[in-house]
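Per-entry structural report
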Amino acid sequence: MKHMTAYACLAGALALPGLVQARPVVLTTQLKNYAGNGAYLAFYVTDAAGKYTKTLWVAGKKAKYYKHLSDWARGSGLNAREFDGISGASVGSGKTLKVTVELADTLIDAGYEIRVDSAVEDGRDNPADARAPLGKQGAGKPVGGRGYVKSFTYDM
């Protein structure tokens, strides 16, 4: 029994730093009213040079349409490991999508940006439809999109 307690304490001590280094971030996206099917959206992080770093969430279940989320698709290489388990249904015209993701603390206030690509079947594809600098100052401040995204906000 003594060994079990010691192992449990050791496992907790090893896991704790990993838990402290990430935080939940709520992504809220309001779409404009438009004619057509539900929008596919890719939420991802880029570094200060605009290079893809990490996928946060993908809205839209049919992977065959992911190529239309062009900046994200190029950065992620459409590698299923990049979006496996972090996807949901597409989002309809005028609707709001709200998802919670885990984000490493090292990305906050370090020159990174959250980007949202959008696409609608038989409609335009919008790489970097919305862009928001990833920092404490930007949290809670909506940014407008230039395509299907009316507004995008993240909260920590």
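In short, a report on the structure. A quick note: this is a predicted structure, and the numbers were derived from the prediction, not measured. (Residues numbered from 1 in each chain as written. Predicted model: local features only at pLDDT ≥ 70, side-chain atom pairs only at ≥ 80, totals over all residues. Heavy atoms only, no water.)

The next point concerns the side chain of serine 118. Relative to the assigned elements, serine 118 resides in strand β6 (residues 113-120). A polar atom in the side chain of serine 118 sits 2.6 Å from the side chain of aspartate 129. Leaving out residues up to four positions away in the same chain, serine 118 has contacts with Tyr40, Leu41, Leu69, Arg124, Asp125, Asn126, Asp129 and Tyr148. (Helix = DSSP H or I, 4+ residues; strand = E, 2+ residues; numbered from the N terminus. Polar contact = N/O pair within 3.5 Å; in protein donor to acceptor, adjacent residues only side chain to side chain. Contact = heavy atoms within 4.5 Å.)

Right, let's get into the sheet that holds strand β8 (residues 143-144). Strand order across the open sheet formed by 4 strands is β5-β1-β9-β8, with antiparallel pairing between neighbours. Taken across any chain shown, the strands that pair with only one partner, and hence form the sheet edges, are β5 (96-104) and β8. In the sheet, strand β1 (residues 22-31) pairs with strand β9 (residues 149-155) via 6 bridges, with the strands oriented antiparallel. Of the residues in β9, the one forming a bridge with valine 26 is aspartate 155. (Pairing = 2+ DSSP bridges.)

We now examine the pairing of β1. Here β1 runs beside β5; their pairing, made up of 9 bridges, is antiparallel. Counted as the bridge partner of valine 26 is threonine 100 from β5.

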